[in-house]
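The chain contents come next:
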Amino acid sequence: MNRFLQVAWLVVWKDLRVEARSKEMLFTTLFFAISIVLVFSFGFVRAGQAVEGAAAGILWIAMAFSGTLALGRAFERERYHDALRGLLLAPVDRPAIYLGKLVGLLLLLSLVETVVAVLVAFLFGVPFFRHGWWLFLMLSLGTVGFASVGTLFSAMLVRTRSRTVLLPVLLYPVTIPVLIMGVSGTTALVQAEPDLAMARLWISLLFFFDTVFLTLALWTFEPVMTE
Amino acid sequence: MHRRLFPVLSGLSLCFFLVAPVLIVGAPYESTMGLVQKIFYFHFPAWMAMFLAIFILGISSGVYLFRRKPAADRLAVAAAELAVVFGLMGLITGPLWGIKAWGVWWQWDARLTMAVVLELILVAYLLLRQYGGAGSDRLAAGLGLFAMANVPFLYISTEIWRTVHPRTSVVPTLPVDFGVPLWWSLVGFIVLCLALLSLRCRLEEQRAMLDQLYLAVEEE
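Residues numbered from 1 in each chain as written. Chains lettered and ligands numbered in written order. Predicted model: local features only at pLDDT ≥ 70, side-chain atom pairs only at ≥ 80, totals over all residues. Heavy atoms only, no water.

Residue and element names in this part refer to chain A. Following the criterion strictly, the structure yields 15 salt bridges over all chains and no others. Among the ionic pairs, R77 bridges to E24, the shortest N-O distance being 3.4 Å. Of this pair, R77 sits in the loop between helix 3 (54-76) and helix 4 (83-89) while E24 sits in helix 2 (residues 24-44), and the two are 53 residues apart along the sequence. The exposure class assigned to R77 is buried, which follows from its relative accessible area of 17%. Close ionic contact of E222 with R94 constitutes a salt bridge, the shortest N to O distance being 3.9 Å. Taken together, the residues E222 in helix 8 (residues 196-225) and R94 in helix 5 (residues 94-124) connect sequence positions 128 residues apart. Here the residues in one salt-bridge network are K14, D15, E78 and K101, joined through shared partners. (Salt bridge = Lys/Arg side-chain N within 4 Å of Asp/Glu carboxyl O. Helix = DSSP H or I, 4+ residues; strand = E, 2+ residues; numbered from the N terminus. Buried < 20%, exposed > 50% of the residue type's maximum accessible area, 1.4 Å probe, protein only.)

As structure tokens, this is what we get:
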């Protein structure tokens with residue numbers, strides 16, 4: 001177990017170092033997420049006022065879209081100089097590699113989401129931070145659910161010809177439940193009278209989904225990636 | 001897949017489907033829904049046939065992923081296509097019921113949304129098989145497992161949330177007059193699903209054989 005975590009950490013560290021040198025993924029994903037929020041602002045503003053209840057949806061859609069961009073990029077990088085083959089040839093547990101990639105992505109996405117959440121709260125005047133910890137928990141669980149499936153699919157598709165098209169095609173149908181739960185839970189938190197019981201129900205469901213998806217992904221990563 | 005399986009199964013399902021209309025016409029009128037209630041004799045069996053197809057898809061995907069048996073992969077493709085067809089049947093008959101019961105074609109409630117999501121996953125599976133290119137069979141097997149993992153959520157969705165869709169517990173508590181035609185059509189649909197599955201599997205087998213023959217000719 002110790003060695004498993006060590007390998008996962010090494011993969012995270014490698015990804016962070018690559019990212020720290022280029023900052024490519026962080027900046028492109030962040031910029032994309034901000035543009036999505038702005039695009040939605042134009043779509044959901046009537047007579048200078050934001051449509052009520054749109055903010056939760058905008059936050060989560062921005063997370064999903066920018067997450068897809070980051071997921072595609074994270075494994076695209078591994079294709080240069082056949083780095084993926086090197087990674088897979090290493091005499092370590094394959095699921096540890098998966099976990100490493102997943103954690104790297106989660107760190108990146110959490111940075112992006114923090115900025116997006118502040119931006120949405122500012123632009124649409126929603127009290128996201130009234131129950132800040134709840135929102136934090138919900139966003140974290142939602143991102144884990146989304147990224148755990150996404151990391152697996154993105155890794156699976158890395159050798160496929162039409163990967164850029166197929167990633168969203170496969171990813172969204174599978175992760176729609178996570179988005180539904182996230183949006184519903186966030187709406188329960190930010191409405192005029194917060195419904196904490198409802199938020200708790202959605203959080204526990206998100207946790208349930210995360211457990212199923214993460215287990216399935218860890219279990220299938222090895223056979224799926226074997227050539 | 002055995003050659004004689006299809007004629008036997010299709011003959012059997014034909015028997016079921018010939019008798020089913022008689023039983024359905026003979027069943028009593030339901031007081032609130034009237035004639036529209038009869039959709040139920042197609043709607044529920046279609047979803048059950050879809051669930052069967054998805055479980056076959058999921059299990060054969062798992063077998064293919066961990067045991068590398070090509071036959072399991074062929075079974076998975078066949079099952080996925082059938083799941084899409086039966087799911088479409090459920091998605092078409094559902095709104096026909098909905099317009100009478102709720103006054104609208106569609107409601108965004110938990111059960112209906114999850115049903116659409118499951119159908120989308122299966123269509124994505126077929127798209128991956130079609131456009132994924134070489135090596136997509138293993139990726140598709142992974143997706144097949146995820147599709148199966150979604151079924152329990154769909155099934156319990158009416159129990160967790162208060163939805164407009166009738167609850168799952170309706171079916172076992174049906175009176176005998178309604179129950180007999182329902183179970184009859186259910187068996188008919190399941191046999192039809194298995195018949196089509198055997199036919200589709202044989203097609204995949206023949207394709208695989210043809211590919212092997214092409215390879216053998218090229219090597220010579």
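There's plenty left to go through after this.
Turning to the interface of chain B and chain A, a few remarks are in order. Each partner contributes to the interface: chain B provides 25 residues, whereas chain A provides 31 residues. Surface buried jointly by chain B and chain A totals about 2400 Å² across both partners, of which 82% is contributed by carbon and sulfur atoms. Inspection of the region where chain B meets chain A yields zero salt bridges. There are two residue pairs in polar contact (both at pLDDT 80 or more) connecting chain B and chain A. Secondary-structure elements contributing two or more residues to the side of chain B that touches chain A are helix 2 (40-67), helix 4 (110-131) and helix 5 (136-160) of chain B. When residues in the side of chain B that touches chain A are grouped by element, the largest group, 10 residues, is from helix 5 of chain B. Class assignment of the residues belonging to the side of chain B that touches chain A gives a composition of 18 nonpolar, five polar and two charged. (Contact = heavy atoms within 4.5 Å. Buried area = accessible area lost by both parts, 1.4 Å probe. Polar contact = N/O pair within 3.5 Å; in protein donor to acceptor, adjacent residues only side chain to side chain. Nonpolar A, V, L, I, M, F, W, Y, C, P; charged D, E, K, R; others polar.)

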